[in-house]
Amino acid sequence: MKLNKITPLVFAVLIATTYSCSSETEQKLEPRNWELVWADEFNEAAGTQPNPTKWTYDLGTGSNGWGNFEQQTYTNRPENVSMDGNGNLVITARRENFQGAQFTSARIKTQGIFDQKYGKFEARLKTPYGQGLWPAFWLLGNNINEVSWPQCGEIDVMELRGQLPSIINGSIHGPGFSGADALSGTYGLQNARFDTDYYTYAVEWDANKIDFFVNGFLYHRITKSEVQARGEWVFDHPFFMILNVAVGGNYVGAPNLGTPFPQKMIIDYVRVYKQKN
């Protein structure tokens, strides 16, 4: 999603109903025997902050808006990130003056706590909407502090432009295919929006490919050979998870007077699996 990259504002849109599945797609799916290894169901009482044994935070404005000219300050306040008491974690973007920024939000991550090489990473959530809102569920290589971005690799399980609430993107970034040149796939809904209901977003990742799913529907596959034709495959080490709602930035543009605030990303669960031998 978000480190020192500029993403183009136009993608080819694959329109598909959420629960459809073609025989061609079914033929692409190999049988998998998944074992749950990590999960957060967010069942704590209302106002509870994310479990510190599972999550930590990115805080502040970041250098140059986290590399994307984002306009929010990320905080760890309950007003920006806490449980709703109904089995959900809520990340709330607000229009308010705070630490020199006009907006606040939250960005939580498992860096230094949990990471995994390969497997299935999924989250069930409802997105916010509105011009300039940028919700995402994504992964970064755990060696980012040693090799920097994009050498560490990045997997965007889901990101959405709030002004296009019926379209999500799944992408990867690495040496030779980062920023505007990311390898990306797009999934669109017909007569529905991602902010009006919960959808499950997932990647299944192994040594040879990364598959992208919405509600179990495989809409995009990126193979190792495809990556190596563009640059370096940097997806053979552990990655950690990130959930956030950015405000503004290269990917979505700035919010306007018509953007409604506060806006919420409501997360039902996050689960990680590994494949049994």
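Residues numbered from 1 in each chain as written. Predicted model: local features only at pLDDT ≥ 70, side-chain atom pairs only at ≥ 80, totals over all residues. Heavy atoms only, no water.

(A) Spotlight on the overall build of the chain. Within the chain one finds four helices and 17 strands. The buried share among the 277 residues of the chain stands at 55%. For the chain, the proportion of contacts with a sequence separation of at least 24, taken over those separated by at least 6, is 75%. Surface accessibility of the chain: about 11,200 Å² in total, with carbon and sulfur atoms responsible for 47%. (Helix = DSSP H or I, 4+ residues; strand = E, 2+ residues; numbered from the N terminus. Buried < 20%, exposed > 50% of the residue type's maximum accessible area, 1.4 Å probe, protein only. Contact = heavy atoms within 4.5 Å. Areas by Shrake-Rupley, 256 points an atom, 1.4 Å probe, with all protein chains shown as cover.)

(B) Structural detail: the side chain of Thr 104. Note on placement: Thr 104 falls in strand E6 (residues 101-105). Owing to a relative accessible area of 0%, Thr 104 belongs among the buried residues under this scheme. At 2.5 Å, the side chain of Thr 104 forms a polar contact with the side chain of Glu 96. Ignoring any residue separated from it by four or fewer positions in sequence, one finds Thr 104 in contact with Gln 72, Thr 73, Thr 75, Arg 77, Asn 80, Thr 92, Ala 93, Arg 94, Glu 96 and Phe 98. (Polar contact = N/O pair within 3.5 Å; in protein donor to acceptor, adjacent residues only side chain to side chain.)

(C) Broad picture of the environment of Tyr 129. Examined against the element boundaries, Tyr 129 turns out to sit in the loop between strand E8 (119-126) and strand E9 (133-141). For the pair formed by Tyr 129 and Arg 193, sequence separation is 64 residues and the distance between their alpha carbons is 9.3 Å. Setting aside chain neighbours within four positions, we find Tyr 129 in contact with Gly 162, Pro 165, Arg 193, Asp 195, Pro 260 and Gln 263.

(D) Expanded view of unusual backbone geometry. In this structure, the amide linkage connecting Trp 149 to the following residue, Pro 150, adopts the cis form with an omega of 10°. Among the structural elements, Pro 150 can be located in the loop between helix H3 (144-147) and strand E10 (154-159). Following Phe 261, the chain continues to Pro 262 via a peptide bond in cis, the omega torsion being -5°. Assignment of secondary structure puts Pro 262 in the loop between strand E16 (239-247) and strand E17 (263-275). A positive phi angle, near 55°, is found at Asn 64, a position not held by glycine.

(E) Layout of the nonpolar core. Core analysis: the biggest nonpolar cluster contains 53 residues, and Ile 155, Ile 172, Phe 235, Leu 243 and Val 270 have the highest contact counts within it. The dominant element in this core, judged by the number of residues it contributes, is E16, at five residues. Leu 140, Ile 144, Trp 149 and Ile 242 belong to the second largest nonpolar core, which has eight residues in total. (Core = buried A, V, L, I, M, F, W, Y, C linked by side-chain atoms within 4.5 Å.)

(F) Geometry of the pattern of salt bridges. By the definition in use, this model includes 11 salt bridges. When the shortest N-O distance is used, the salt bridge between Glu 96 and Arg 77 registers 2.5 Å. Of the two residues, Glu 96 is situated in strand E5 (residues 89-98) and Arg 77 in the loop between strand E3 (72-74) and strand E4 (81-83); the sequence distance between them amounts to 19 residues. Taking the relative accessible area as the measure of exposure, Glu 96 reaches 23% and is therefore partly exposed. The partner of Lys 120 in a salt bridge is Glu 122, and the shortest N-O contact between them spans 3.8 Å. (Salt bridge = Lys/Arg side-chain N within 4 Å of Asp/Glu carboxyl O.)

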